[in-house]
Amino acid sequence: MFLKNAWYVACTPDEIAEGPLGRQICGEKIVFYRGEGGRVAAVEDFCPHRGAPLSLGTVREGKLVCGYHGLTMGCDGATLAMPGQRVDSFPRIKSFAVEERYGFIWVWPGHRELADPGLIHHLEWAEDPAWAYGGGRFHIQCDYRLMIDNLMDLTHETYVHANSIGQKEIDEAAPTTTIEGEQVVTSRHMENVMPPPFWQMALRANGLADDKPVDRWQICRFSPPSHVMIEVGVAHAGYGGYDAPDDVKASSIVVDFITPETGTSHWYFWGMARRFKPDDQAITDSIREGQGKIFSEDLEMLERQQANLLAYPDRRLLGLNIDAGGVRARGILSRLLKAEQAAAESGRAAIGA
Amino acid sequence: MFLKNAWYVACTPDEIAEGPLGRQICGEKIVFYRGEGGRVAAVEDFCPHRGAPLSLGTVREGKLVCGYHGLTMGCDGATLAMPGQRVDSFPRIKSFAVEERYGFIWVWPGHRELADPGLIHHLEWAEDPAWAYGGGRFHIQCDYRLMIDNLMDLTHETYVHANSIGQKEIDEAAPTTTIEGEQVVTSRHMENVMPPPFWQMALRANGLADDKPVDRWQICRFSPPSHVMIEVGVAHAGYGGYDAPDDVKASSIVVDFITPETGTSHWYFWGMARRFKPDDQAITDSIREGQGKIFSEDLEMLERQQANLLAYPDRRLLGLNIDAGGVRARGILSRLLKAEQAAAESGRAAIGA
Amino acid sequence: MFLKNAWYVACTPDEIAEGPLGRQICGEKIVFYRGEGGRVAAVEDFCPHRGAPLSLGTVREGKLVCGYHGLTMGCDGATLAMPGQRVDSFPRIKSFAVEERYGFIWVWPGHRELADPGLIHHLEWAEDPAWAYGGGRFHIQCDYRLMIDNLMDLTHETYVHANSIGQKEIDEAAPTTTIEGEQVVTSRHMENVMPPPFWQMALRANGLADDKPVDRWQICRFSPPSHVMIEVGVAHAGYGGYDAPDDVKASSIVVDFITPETGTSHWYFWGMARRFKPDDQAITDSIREGQGKIFSEDLEMLERQQANLLAYPDRRLLGLNIDAGGVRARGILSRLLKAEQAAAESGRAAIGA
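Definitions and cut-offs
- Residues numbered from 1 in each chain as written.
- Chains lettered and ligands numbered in written order.
- Predicted model: local features only at pLDDT ≥ 70, side-chain atom pairs only at ≥ 80, totals over all residues.
- Heavy atoms only, no water.
- Least-squares fit on C-alpha atoms with pLDDT ≥ 70 in both.
- Axes fitted to C-alpha atoms, helices over the stretch in contact; angles between N-to-C directions.
- Helix = DSSP H or I, 4+ residues; strand = E, 2+ residues; numbered from the N terminus.
- Parallel < 35°, antiparallel > 145°, perpendicular 65-115°, else oblique.
- Left-handed = near helix turned anticlockwise from the far one by under 90°.
- Contact = heavy atoms within 4.5 Å.
- Nonpolar A, V, L, I, M, F, W, Y, C, P; charged D, E, K, R; others polar.
- Buried < 20%, exposed > 50% of the residue type's maximum accessible area, 1.4 Å probe, protein only.
- Pairing = 2+ DSSP bridges.
- Buried area = accessible area lost by both parts, 1.4 Å probe.
- Salt bridge = Lys/Arg side-chain N within 4 Å of Asp/Glu carboxyl O.
- Polar contact = N/O pair within 3.5 Å; in protein donor to acceptor, adjacent residues only side chain to side chain.

- As recorded by an unreviewed UniProt entry, chain A carries the name Aromatic ring-hydroxylating dioxygenase subunit alpha and is attributed to Gimibacter soli.

### Some thoughts on the relation of the copies chain A and chain C
Then comes step 1: Once chain A is rotated about the relating axis by 120 degrees and shifted along it by 0.0 Å, it coincides with chain C to within an RMSD of 0.1 Å. What we have between these two chains is a three-fold relation.

### Quick look at the packing of helix α1 (residues 144-152) of chain A against helix α5 (residues 281-311) of chain A
Residues and elements named next belong to chain A.
Then comes step 1: Between α1 and α5, whose axes approach to 10 Å, the crossing angle comes to 130 degrees. Overall, the two elements α1 and α5 adopt an arrangement that is oblique. Crossing geometry of α1 relative to α5 is assigned as right-handed. For the pair α1 and α5, contact is made by L146, M147 and N150 and by D298, L302, Q305, Q306 and L309, respectively.
Then comes step 2: Counted by class, the contact of α1 with α5 contains 4 nonpolar, 3 polar and 1 charged residues.

### What to know about the pairing of strand β4 (residues 40-44) of chain C
Looking down a regular strand, the side chains alternate between one sheet face and the other.
Residue and element names in this part refer to chain C.
Then comes step 1: The element β4 is extensively covered by neighbouring structure, given that 5 of its 5 residues are classed as buried.
Then comes step 2: Relative to β4, strand β3 (residues 28-34) is paired through 5 bridges, and the arrangement is antiparallel. Counterpart to R34 in the pairing with β4 is V40.
Then comes step 3: Joining the antiparallel neighbours β3 and β4 is a turn of 5 residues, in which G37 adopts a positive phi near 65 degrees.

### Structural notes on the interface of chain A and chain C
Then comes step 1: Between chain A and chain C, the residue contacts involve 26 residues of the former and 28 residues of the latter.
Then comes step 2: With both chains or domains summed, chain A and chain C bury close to 2,400 Å², and 56% of this area falls on carbon and sulfur atoms.
Then comes step 3: A per-residue breakdown of the area chain A buries against chain C is headed by F46(A), R50(A) and Y68(A), which together make up 33% of the total.
Then comes step 4: In this structure, the connection of chain A to chain C is made through 2 salt bridges.
Then comes step 5: Between R50(A) and D149(C) there is a salt bridge, and its shortest N-O distance comes to 2.9 Å.
Then comes step 6: Connecting chain A to chain C are 12 residue pairs in polar contact (both at pLDDT 80 or more).

Okay, structure coming up:
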């Protein structure tokens, strides 16, 4: 259902600024916190003493202390101390590989021996001062793959987001889907169309006319386990669209990290990275607010779609050409899942599990 | 549990005035909407493309358009169009027979080939300008048959509705239950009693004294699948009660359409049809408000009764003489259900299912 | 899971002052009410007529009348009357032994033949005018035994109640656990410590200095099925602690009656009995308010602990020396449960079941 040996976005730094955070990821109940030296740590959210959630505890001098009876947990899952107790024989709980990078906390919910920080999805824009980023987080009651489908087929914008980014021409421009290694790329180009409201705002923010025809593009890139980066933008018509010079276009990257919670729920980290006016916080806030409204329009649809699929488990859905991005992404996930399961069966000893 | 080849009230016209309505009826998830020429249509609430609920969509030029990716659904369950797609091979979804009559939308949740509009329960008063009607709708978490029991045994008025229509004399007047074809009729007559508050109001509205003894009647008629029409009224005592001349009585018909949603929930359409001052909207509103309050007193009782029955599934309940109406109604339902199941097993081919 | 042949606190008199009370206890749905002569009665919350909850009914002239159709139930579970019906053959529902004593209503959810009022937990303070009592009630979504554990290991005060009764010295004073018959006693004594905020208030209320070191004690007594009485107090340091003369100490009894509802929920009746200023209602109210706040701090911890244990059903928890009270209490409960089950199997006839 979901890959466990992979890096997912677990949370953002602000979520662990005040204390530990309990969050279920890929079926694992995990507590995230800042340990010694401010370094992020993650262990099971289960105190080995009496099963209390460690996320109800506190961090004292860089150590996680259970809020029920004061057991002090180490970042490797071994109990460090407990008032009046010898703790050598206490059972160890799981610990998880975590990394802080690009403004996110990443977790590897599978075997920590396999967790190579070099495998964390690379985000060029996150380290380049020419870019700015703003985003948010939703909890959604549906299979994370329904969100991948949603993002790999932006046809839905015409219907779900009719008042912001949707426009009839999206329907009319057939998308192209290609596979590049383990990435799936679905592209759509619309020529000589009027910019919808969201892009009018972006054009204005960019100092460009918002009432002229534009060439518009959407290039969705899926990477396992569940990241979807979408290059989006408009350029005044006739200058080359995606390849137009910077001074006639507004472009950005829609950033989507989709983190499974259970088989039918996930955490959705959404945002937008832009390459213009990176220091203008008002623009960041305005885009985030607009994007938050737009993405919230998907919530009811996705959750009710999930409910319908649970009610009719035997129905096979269609995979049309507009669905190719999601279908291909699911194909890659299935293949990787099989490989992970095969490795788990044949190689538990080898990875020290 | 419920008959599927029968006409039920699905909704009222105001519920589909602004757009499609999703409602589960007899276990079927259905979307109701006004199609071409304003004619009511009903299909499964499940888009064959990706399983989205069609009820989140819109009606455009008399056609139902999915709110996710724009699939256009026909009122027969066949996809009509989808932007950029050939739809010939799209799987067909179920469609349902629907009729608009008497101010209600009626649905036949079973095989539409069997749906004969002539079988819709006839409501004389609905087509007679001498009558007025007002009503409302509740969603209730109990088996629809508990509501039939409730309405076929008005003894409960003494207890549940002690402050409005209940009075001790109801208990003391034994009811009579007869069967007329597939109808069950339970009648109760009380002679020379004081009118309870609701009837005092009705007498006043009728220009009659509200402080004199009356003869009171309640004639409950159950018709399959789950309609209960109750002739109720009071006449100044000694003029013949039910048969008294119009100028000494206030009478009306309590209208109850009980539409199963699941095995333990239903939609309850209640109302009152009256034959006096039909054009006086203030009286209609006042009665509706009073009736809404009274009927809401049944909700907690019915839902908690259902919870008790689920907690004690093995207990056999009593069927006393006051329960005869409900018991007989359930007997008729059981017989019709068996016939429907037998027909389904032996005759699927014959009905084209 | 829980003993059924035992006395539990069911409710307090104020809860049945206005009418019947429905409450599930040890899996039994029970209605409590004041019957003839004001004597408390308890029968199943299930009307034999149509399964309505009798707790939605009323008490008329000392008899419980169903709120649906007026059946009158006797306190022995036999129907007494119903309007227009002969009730001789009506099925009998269960009745339960109940007693009113010490300001509580006690129920014996098992076989009423075995219910000996002499077995009700004796509360000396409840009958002594030198004492005052105030308390409250919580509904908690966890196994009642997690609450016993909680109360038999007050180490948690340091963490859960850090701002009221917790203090670091609790951790440092090792508890002693002994068994006295079917009672488990866990004691902890702290010498020459500063009183935490709650005890400062109690010292002041007692006319004593609140800024001097004290000797503090906690003596937890578990008695089956699930009562925990905790002698708690502080005395100015050096006067003998628990044995110090009254004029240098503030002491009281924390009263905990823990009544299982289902396997994973319970009713928690908490309170405090004190031996000073028994007539000062303002002190009673102030203590109750403080205690209510403190005990509510346990709720989230207990409910989330329960959720964790349900999510990880195979994990064995630790039983450290601080857990000895709870471990021993569970041991006694297990032994008594086995005895109850053995008696049920071998002796149903003997007890008339």
